[in-house]
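Each chain is listed here by its residues.
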Amino acid sequence: MQEICCEIRAFVGFLLLFIFFLHPIIPAYGEENDLFPFSVGVRAAINARNTSKYDVYQYEMFTSKPLPWTWRWDAGWKLRTRAEATFGVIRGKGEASGIVSIGPDLLLDTPEKRFTASTGGGIGLLGDPMLGDIDFGGPVFFRFHAGLMYHPVEYVSIGYRYYHMSNGHIYGSNSSLNLHQAEISFHF
């Protein structure tokens, strides 16, 4: 239990450091871009069992900020961009490792603004690329996701993402991982 409390404290500390140091250098929010200039949230994930031979769990906090590129159509559809950073823990084979990532996302909002489809990618680092006998090859990995968010109220969204991470064969071993992620986010 004490180990989990320490991981949570480290996790919150990394998030606060990100907000303080990295958030100001992401391009400024523009009125044309998004209703909410800043989002934070949490995700929990389990591996997609049909694509993996081991049980892996991931827990992460994330923060995002709109990027300046947005496209609108007369019918009410909107395509927008954002930058996202994540900090978390990945568990497997009785071991845990810290995990951080950053990358751009592309979001498509429906005209009634109740649903948003998202996709994106990025690059990340694993604190320990070995979880028991699961060898991720090295600390650097690439990520990709596709998902759907639902906005039940103005400042909250819940969503699902299919998430893939691998090292793109830059190391000798490439134990890729596919996860089902559930998320809740808050927009400010």
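Structural data are supplied above this passage.
Residues numbered from 1 in each chain as written. Predicted model: local features only at pLDDT ≥ 70, side-chain atom pairs only at ≥ 80, totals over all residues. Heavy atoms only, no water.

Draft legend 1. Region of the structure containing unusual backbone geometry. In this structure, Lys113 is a non-glycine residue whose phi angle is positive, near 60°. We note that His169 has phi near 65°; this positive angle belongs to a residue other than glycine. Along the chain, the position of His169 falls in the loop between strand 9 (156–166) and strand 10 (177–187). (Helix = DSSP H or I, 4+ residues; strand = E, 2+ residues; numbered from the N terminus.)

Draft legend 2. View of the pattern of salt bridges. Here the structure, examined in full by the defined rule, presents 8 salt bridges. A salt bridge links Glu84 to Arg161; its shortest N-O distance comes to 3.7 Å. With a gap of 77 residues between them, Glu84 in strand 3 (residues 78–92) and Arg161 in strand 9 connect regions that are remote in the sequence. Overall, the relative accessible area of 1% leaves Glu84 in the buried class. (Salt bridge = Lys/Arg side-chain N within 4 Å of Asp/Glu carboxyl O. Buried < 20%, exposed > 50% of the residue type's maximum accessible area, 1.4 Å probe, protein only.)

Draft legend 3. Examining the side chain of Glu60 more closely. Here Glu60 lies in strand 2 (residues 56–72). Glu60 gets classed as buried once you look at its relative accessible area, which sits at 3%.

Draft legend 4. Representation of empty space enclosed by the protein in the model. If you walk through the whole model with that rule in mind, you get 1 cavity of 30 Å³ or more. Taken as a whole, the largest cavity spans an internal volume of roughly 40 Å³. Along its surface, the largest cavity is lined by Leu126, Phe136, Gly138, Val140, Phe141, Met165, Ser166, Asn167, Asn174 and Ser175. Mapped by element, the contributors of at least two residues to the lining of the largest cavity are strand 8 (140–153) and strand 9. Residues belonging to the lining of the largest cavity are distributed by class as follows: 5 nonpolar, 5 polar and no charged. (1 Å grid on protein atoms, 1.4 Å probe; cavity = no way out; pocket = protein on both sides within 12 Å on 5 of 7 lines; lining within 4 Å. Points joined across faces, edges and corners; volume = space filled by probe spheres on them. Nonpolar A, V, L, I, M, F, W, Y, C, P; charged D, E, K, R; others polar.)

Draft legend 5. Focus on the packing of aromatic side chains. Across all of its chains, the model carries 2 aromatic pairs by this definition. Sitting over the ring of Phe62, Arg43 keeps its end group 3.7 Å from the ring centre. (Phe/Tyr/Trp six-rings, centres within 6.5 Å; stacked < 30°, edge-to-face > 60°. Lys NZ or Arg CZ within 6 Å of the ring centre and 35° of its normal.)

Draft legend 6. Region of the structure containing the sheet that holds strand 3. If you walk around this closed barrel you meet the 8 strands as 1-2-3-4-5-8-9-10, and the pairing is antiparallel. With direction set aside, neighbouring strand axes in the sheet form an average angle of 25°. Pairing of strand 9 with strand 10, which is carried by 10 bridges, proceeds in the antiparallel orientation. Bridge pairing in strand 10 places Tyr160 opposite Ala182. (Pairing = 2+ DSSP bridges. Axes fitted to C-alpha atoms, helices over the stretch in contact; angles between N-to-C directions.)

Draft legend 7. Quick peek at the environment of Glu112. Mapped onto the secondary structure, Glu112 falls in the loop between strand 4 (95–109) and strand 5 (115–126). When the C-alpha positions of Glu112 and Gly76 are compared, they lie 7.6 Å apart, and in sequence the two are 36 residues distant. In terms of polar contacts, Glu112 uses its side chain to reach the side chain of Thr110, at 3.1 Å. (Polar contact = N/O pair within 3.5 Å; in protein donor to acceptor, adjacent residues only side chain to side chain.)

Purely geometric numbers; function is a separate question.
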